[in-house]
Amino acid sequence: MKKIFLSAAAILTLLLSGCQADGKMDFSAYSDNISKAQEIAVTSAGTSEVLERITSKDDLEQFVKELEFDKWQLKALPDQAAEIGSFQLSQEETVQYGQKDTDGTLKDIAALTLYDGFYVGFEVDDLDLTFQVSEETADYLNGFFR
C-alpha cells in the first residue's frame, strides 16, 4: 500500500508541477533516474529478440543526452503510428539498510517505445505517456533499428 501511495504521489507531483502551458514537461527528475540505468535493452517491434544491450557508462550517458527531454511535447499518439521498437532501461536494486551488496539482478525502471512520426511512448511506474520528440531524437533512436 505504501508503494502504491508513493508512486501515486510521484506521478501527481510530476503532472501538477511538471506540465507547462505549451505541452512540455519538466523531465529533470526522470532524466536523473534514467541516467542511473545500468543497461538498455533494444528490441525491435514484434519480437522479443534483443538487438543490442547498451551497458557502458559513456554510451548510457550519450543515450540520455540524445533524448533531449527539454524538447518533448505531450501529444496523443496518432492512430496510424506504427511501433518501430523499444528500449527497456534497467538497474540493480538499491542497497537497503543492513545489506552489504545486491545480487547483481537488474530491475526494469522505465521503457521507451519508438513510433514513426517522431513519437515516443514513455512508461515509468504506472505512468504511460506519449510524446512528440524532435526530429534529431527520433533519428538517433531510429538508428538502433537500421
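Cut-off values and rules
- Residues numbered from 1 in each chain as written.
- Predicted model: local features only at pLDDT ≥ 70, side-chain atom pairs only at ≥ 80, totals over all residues.
- Heavy atoms only, no water.
- Helix = DSSP H or I, 4+ residues; strand = E, 2+ residues; numbered from the N terminus.
- Buried < 20%, exposed > 50% of the residue type's maximum accessible area, 1.4 Å probe, protein only.
- Contact = heavy atoms within 4.5 Å.
- Areas by Shrake-Rupley, 256 points an atom, 1.4 Å probe, with all protein chains shown as cover.
- Patch = residues over 30% accessible without salt bridge, like charges linked within 9 Å, V, L, I, M, F, W, Y side chains within 5 Å.
- Salt bridge = Lys/Arg side-chain N within 4 Å of Asp/Glu carboxyl O.
- Lys, Arg positive; Asp, Glu negative; His and termini not counted.
- Charge placed at Lys NZ, Arg CZ, Asp CG, Glu CD.

Participant: Pulling in residues and values, what's your account of the overall build of the protein?
Facilitator: Of the regular secondary structure elements, the protein holds 4 helices and 7 strands. Mapped from its N terminus to its C terminus, the protein presents α and β elements in the order α-α-β-β-α-β-β-β-β-β-α. Expressed as a percentage of the 146 residues in the protein, the buried residues total 37%. Partitioning the contacts of the protein with sequence separation of at least 6, the portion at a separation of at least 24 is 58%. When the accessible surface of the protein is totalled, it reaches about 9,100 Å², and 48% of it is carbon and sulfur.

Participant: Give a detailed account of a negative patch on the surface, specifying residues and quantitative values.
Facilitator: A contiguous patch of negative charge on the surface is contributed by Glu52, Asp58, Asp59 and Glu61. Here the negative patch takes 3 residues from helix H3 (residues 57–67), the largest share from any one element. For Asp59, the position within the fold is in helix H3. When its relative accessible area of 45% is taken as the criterion, Asp59 is described as partly exposed.

Take it as geometry only, folks, not as evidence of what the structure does.
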